[in-house]
Amino acid sequence: MAHGSWTHELRQTVIDACLSRDALARHHFALWIDDDAGQSSRSYFIKYNHNHIMTEARTMEYLHNVARSDPHAPRVPEVLDYFSHVTDRGHKYEFLVTELIRSPVVTIGRWIHSGQSDEECQQRADEAVEKIARVISWLRDCPLPPDPPVGPVGGGIMYHTFFRNSDIPVVFANITELEIYINKVRCSERRGSISDANEKGHKTSPQPQTIELSHLPVQFGHNDITYENFLIHPETHEVWLIDGEGIHILPAPFVTYALTSTTCPIRLTVASKVDLFSWPKMNIFRLAASLLRWSGGNTSGVDFAAGADKVLEVMSHGPLIPPPPPRVVEIPVGEERWKFYPSGSTDHFHRSVPDMQPCTPVALTSPHFLERNQWP
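Keep in mind that this is a model prediction, so the values were computed, not measured. (Residues numbered from 1 in each chain as written. Predicted model: local features only at pLDDT ≥ 70, side-chain atom pairs only at ≥ 80, totals over all residues. Heavy atoms only, no water.)

Scanning the protein chain from terminus to terminus reveals eight helices and twelve strands. The proportion of buried residues among the 376 residues of the protein chain is 48%. Across the protein chain, every contact between residues at least 6 apart in sequence was considered, and the portion connecting residues at least 24 apart equals 70%. Surface summary for the protein chain: the accessible area is close to 18900 Å², and the carbon and sulfur share equals 50%. (Helix = DSSP H or I, 4+ residues; strand = E, 2+ residues; numbered from the N terminus. Buried < 20%, exposed > 50% of the residue type's maximum accessible area, 1.4 Å probe, protein only. Contact = heavy atoms within 4.5 Å. Areas by Shrake-Rupley, 256 points an atom, 1.4 Å probe, with all protein chains shown as cover.)

Take a look at the structure:
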């Protein structure tokens, strides 16, 4: 799926750039292609990871197509390509290529903190929440694709705060299977509680109410709302929705849960400005989420329909052909720090982003950091 000036021959360049980067570097960078006169004529934004990228790409592609014909929609970057690659060592990478959103557009977080006074920063923060709330409302009302899946557009693994670590290694074919999963895990945990109570001579709680989702409205929801996942033009105040990893098609209680079952002040403030779905069983739904996180979301004993426990096969896009050498520049977002959590440890290791000075993009063998407002 190549569009415009993007060609499949550039895929190998993207792969080489990814494999040459520090393992702790942020998983995105910009790609510039020079014309014969040495001028930057084409530019792209590359995002990569070991998973979730292919499903995010399909979701963003769908939302971009819907937004193009809706004057009230946020801007959504055009998806130019997405593909996967397995290295010689068996490491799998997934890649998403979109148009590059250029300066003066910045993240909403940077726009807020660039105010000239505390008062101006607060005014921008208030406006930002209003604008993000409009985006969330637009997603809620966004038309669904035919035969909408559970999760990302096209189906696949969900990334949602309802589950432990916001991730679950199961693909649900439909909402009924999602019901089965939630209720079976709840019943499994209740059986364990009954066994413990009987051993101690305690009374057991009554049979829990079943979570029924099939009759509820289904909608798009965003469960990863941060200032860094939205861009804004500082002059026109036009907003861009740039991250689709946390956007899924789910029953409405999942959308309500993501915005209200949190301590994040941004999400809670956005929630207060969005007309969220109200459900009498919302507290039971929150309790189910707590049980799932406590149990680790064990799927043993859960009888899914055929194919529901299989991850969707990654789409293939043909052979990878070496392209001419382009310029590659790494992009940090704001003055952030990288965090690395070693396996089995709760210690934090921080690595500061190097000081950033205006510079010219150089060859792939020696990439430089470049601020968004310094892009050529």
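So, about the packing of aromatic side chains. Counting across every chain of the model gives 16 aromatic pairs. Centroid distance F254 to F285: 4.9 Å. Interplanar angle 85°. Geometry classified as edge-to-face. Separated by 31 residues along the polypeptide, F254 in helix α6 (residues 252–260) and F285 in helix α8 (residues 282–295) bring together distant segments of the chain. Accessibility assignment for this pair places F254 and F285 in one class, buried. Following the ring pairs from residue to residue traces out a cluster consisting of F162, F163, F172, Y181, F254, Y257, W279 and F285. (Phe/Tyr/Trp six-rings, centres within 6.5 Å; stacked < 30°, edge-to-face > 60°.)

Right, let's get into the nonpolar core. By size, the foremost hydrophobic cluster in this structure holds 44 residues, and its most contacted members are L63, F220, Y227 and V270. Other than its neighbours up to four places away in sequence, L63 contacts V76, W138, L139, C142, F220, L241 and I247. V170, F172, F254 and Y257 belong to the second largest nonpolar core, which has 25 residues in total. (Core = buried A, V, L, I, M, F, W, Y, C linked by side-chain atoms within 4.5 Å.)

So, about α6. For α6, the buried fraction is high: eight of the nine residues fall into the buried class. Residues of α6 that are buried: A252, P253, F254, V255, T256, Y257, A258 and L259.

Once that is clear, we can look at the side chain of D243. Along the polypeptide, D243 turns up in the loop between β8 (239–241) and β9 (247–251). Since its relative accessible area comes to 11%, D243 is described here as buried. Residues contacting D243, with those up to four places away along its chain left out, are K47, E56, M60, H222 and N229.

Mean pLDDT for the protein chain: 76, with 69% of residues reaching 70 or above. Across residues 191–200 the pLDDT falls below 50, and counting only partners more than four positions away or on other chains, this stretch makes five contacts in the model. Within the model, pLDDT remains below 50 along residues 330–376, and this stretch shows 95 contacts once partners closer than five positions in the same chain are excluded. (pLDDT = per-residue confidence, 0-100.)

We now examine the sheet that holds strand β7 (residues 230–232). Taken in spatial order, the three strands of this open sheet run β5-β7-β8, and their pairing is antiparallel. At either margin of the open sheet sits one strand with a lone partner, and together these are β5 (106–107) and β8. Direction of pairing for β5 relative to β7: antiparallel, over a ladder of two bridges. From the neighbouring strand, T107 faces β7, where its bridge partner is L231. Where helix α4 (residues 118–141) meets the sheet, its contacts fall on β7 and β8, and the angle it forms with β8 comes to roughly 45°. (Pairing = 2+ DSSP bridges. Axes fitted to C-alpha atoms, helices over the stretch in contact; angles between N-to-C directions.)

What follows concerns unusual backbone geometry. With omega at 15°, the peptide bond leading from S103 into P104 counts as cis. Tracing the sequence through the fold places P104 in the loop between β4 (92–99) and β5. Positive phi, normally seen in glycine, also occurs at D147, with a value near 45°. By the secondary structure assignment, D147 is in the loop between α4 and α5 (175–200). Residue classification places D147 among the exposed positions, given a relative accessible area of 73%. Its identity as a non-glycine residue notwithstanding, H237 has a phi of 65°, on the positive side. Note on placement: H237 falls in the loop between β7 and β8. Look at H237 and you get partly exposed, because its relative accessible area is 24%.

Glancing now at the pattern of salt bridges. Considering all chains together, one arrives at ten salt bridges under this definition. With its nearest N and O atoms 3.1 Å apart, the salt bridge here joins K92 to E94. What makes K92 partly exposed here is its relative accessible area of 32%. For E94, a relative accessible area of 5% puts it in the buried group. Through salt bridges that share partners, K47, E56 and D243 make up one connected network. (Salt bridge = Lys/Arg side-chain N within 4 Å of Asp/Glu carboxyl O.)

The next thing to look at is helix α1 (residues 11–20). Summarising burial for α1: seven of the ten residues are buried, a large majority. Along α1, the residues classified as buried are R11, Q12, T13, V14, I15, A17 and C18.

Within the secondary structure, L213 is located in the loop between α5 and β6 (218–222). Residue classification places L213 among the buried residues on the basis of a relative accessible area of 0%. As a C-alpha pair, L213 and L250 span 37 residues in sequence and 9.5 Å in three-dimensional space. Residues within four places of L213 in sequence aside, it is in contact with I175, L178, E179, I182, P251, F254, W279 and F285.

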